[in-house]
Amino acid sequence: MTVVTDSLADEHRALTEACGLVDRSERGKLALTGPEAKAFLQGQVTNDVESLVAGAGAYAAFLSHKGKMQGDVRILDTGDELLLDTERAALQGLFNMIHRYKLGMDVELHKRTLETGLLSLIGPDARRLAGTESLPDTEHANASAELGGRSVLLAVTDAGVDVFAAAGDLPAVREALLAAGAVEAGEDASEVVRVERGRPRWGHELDETVIPQEAGLNERAVSFTKGCYVGQETVARLHYRGRPNRHLRGLRLAEPVAPGTPLAFGERAVGTVASAVVSPTFGPIALAIVRREAEPGATLDAGGVAAEVVDLPF
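All of these numbers come straight from a predicted model, not from anything done at the bench. (Residues numbered from 1 in each chain as written. Predicted model: local features only at pLDDT ≥ 70, side-chain atom pairs only at ≥ 80, totals over all residues. Heavy atoms only, no water.)

Before going further, it helps to spend a moment on the nonpolar core. Residues Leu15, Met69, Leu206 and Leu217 are the most contacted members of the largest nonpolar core, which totals 31 residues. Among the elements that make up this core, the one with the highest residue count is helix H6 (residues 187–197) (4 residues). When sequence neighbours within four positions are dropped, the list of residues in contact with Leu217 reads Tyr59, Met69, Pro200, Leu206, Pro212 and Val222. (Core = buried A, V, L, I, M, F, W, Y, C linked by side-chain atoms within 4.5 Å. Buried < 20%, exposed > 50% of the residue type's maximum accessible area, 1.4 Å probe, protein only. Helix = DSSP H or I, 4+ residues; strand = E, 2+ residues; numbered from the N terminus. Contact = heavy atoms within 4.5 Å.)

Okay, the sheet that holds strand S2 (residues 28–33) next. Ordered in space as S3-S4-S5-S2-S6, the 5 strands form an open sheet in which the pairing is antiparallel. At either margin of the open sheet sits one strand with a lone partner, and together these are strand S3 (57–63) and strand S6 (108–111). Across the sheet, the mean angle from the axis of one strand to that of its neighbour is 30°, orientation sign disregarded. Two elements, strand S4 (residues 69–77) and strand S5 (residues 82–86), share 4 bridges in a ladder whose sense is antiparallel. In the sheet register, Arg74 faces S5, and the bridge partner there is Asp85. Here helix H3 (residues 88–101) sits on the sheet in contact with S2, S3, S4, S5 and S6, set at roughly 25° to S2. (Pairing = 2+ DSSP bridges. Axes fitted to C-alpha atoms, helices over the stretch in contact; angles between N-to-C directions.)

An α-helix turns once per 3.6 residues; consequently, residues spaced three or four apart project the same way. Judged by how many residues are buried, H6 sits mostly within the fold: 8 of 11 residues are covered. Buried within H6 are the following residues: Ala189, Ser190, Glu191, Val192, Val193, Arg194, Val195 and Glu196. On its buried face, H6 sits against helix H1 (6–17), strand S1 (20–23), strand S7 (116–122), strand S15 (275–279) and strand S16 (283–291). Following H6 by one or two positions, Gly198 has its phi on the positive side, about 70°.

The final tally for this structure, using the stated rule, is 25 salt bridges. When the shortest N-O distance is used, the salt bridge between Arg174 and Glu184 registers 3.7 Å. Linking Arg174 in helix H5 (residues 170–180) with Glu184 in strand S11 (residues 183–184), this pair joins segments that are 10 residues apart in sequence. Here Arg174 falls in the buried class, since its relative accessible area comes to 17%. When its relative accessible area of 46% is taken as the criterion, Glu184 is described as partly exposed. Between Glu205 and Arg194 there is a salt bridge; the shortest N-O distance is 2.9 Å. In this pair, Glu205 is assigned in the loop between H6 and helix H7 (218–221) and Arg194 in helix H6, connecting sequence segments 11 residues apart. Taken individually, Glu205 and Arg194 each receive the classification buried, so the pair is uniform in this respect. Salt bridges sharing partners connect three or more residues here, namely Arg27, Arg74, Asp85, Glu87, Asp162, Glu187, Glu191, Arg194, Arg201 and Glu205. (Salt bridge = Lys/Arg side-chain N within 4 Å of Asp/Glu carboxyl O.)

Written out as structure tokens, the structure is:
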């Protein structure tokens, strides 16, 4: 659980009021090339890949045949390849899925995790510092550029801009961004911002028990007009004919609690705390996927601590 210190408060201020720089090079990265790369992914992930054009991208999940998430992935069409960016914990599952099902298709898989660094610029000044004002505001819009005399790929995010560069070029790129006014920030501060924005994360709110709609991902990650993909039947049936038993919610806490704390509504268990932070803006808050009876406005018991259920973002 994140605790507010002076340094975290300063980093949080940079991430929300100016521009913070977070090194996320440990994230998993793969690339697909070949004439059938888009057609292959179209049949494996929840979003529409075949409609992508160079400079665009999409967020998607890859599912089991029962519609449960096996991981999530950002797909960037750079024009030369499809760059796939995922949580490190989901990388092996993504690699295995591609390696297993691409047989017989004209697709080549390339490992990029160690070869490619990633710096996240977060905050209202991110686009100005990265020089992406000409890019569309659309999340995942991307373009090649130069920073610090090095070639980079810039990608628009929900909170700023991500900068991909060859691992050996990353120090020069970082120095150029710091010289332009970015402030280095750590993962703890960026986690606070993520929770404040209500964005679920693989390994926290998202795991192999979750169907995309339960985590509020349908609008971001699922196409209901594309062709078939693995797990589609369950996702479509829930969307058109039913309603999920669980929803991603925010929690305003009377005092800090730890991730994994059980949540009860009256006598009934309704979920567990997934991510918990102490926000300099909102105080103790958390994210959890809870049963649908725990609606916004309800008060839950989080291990003896009162937790008000709220809509997201905070």
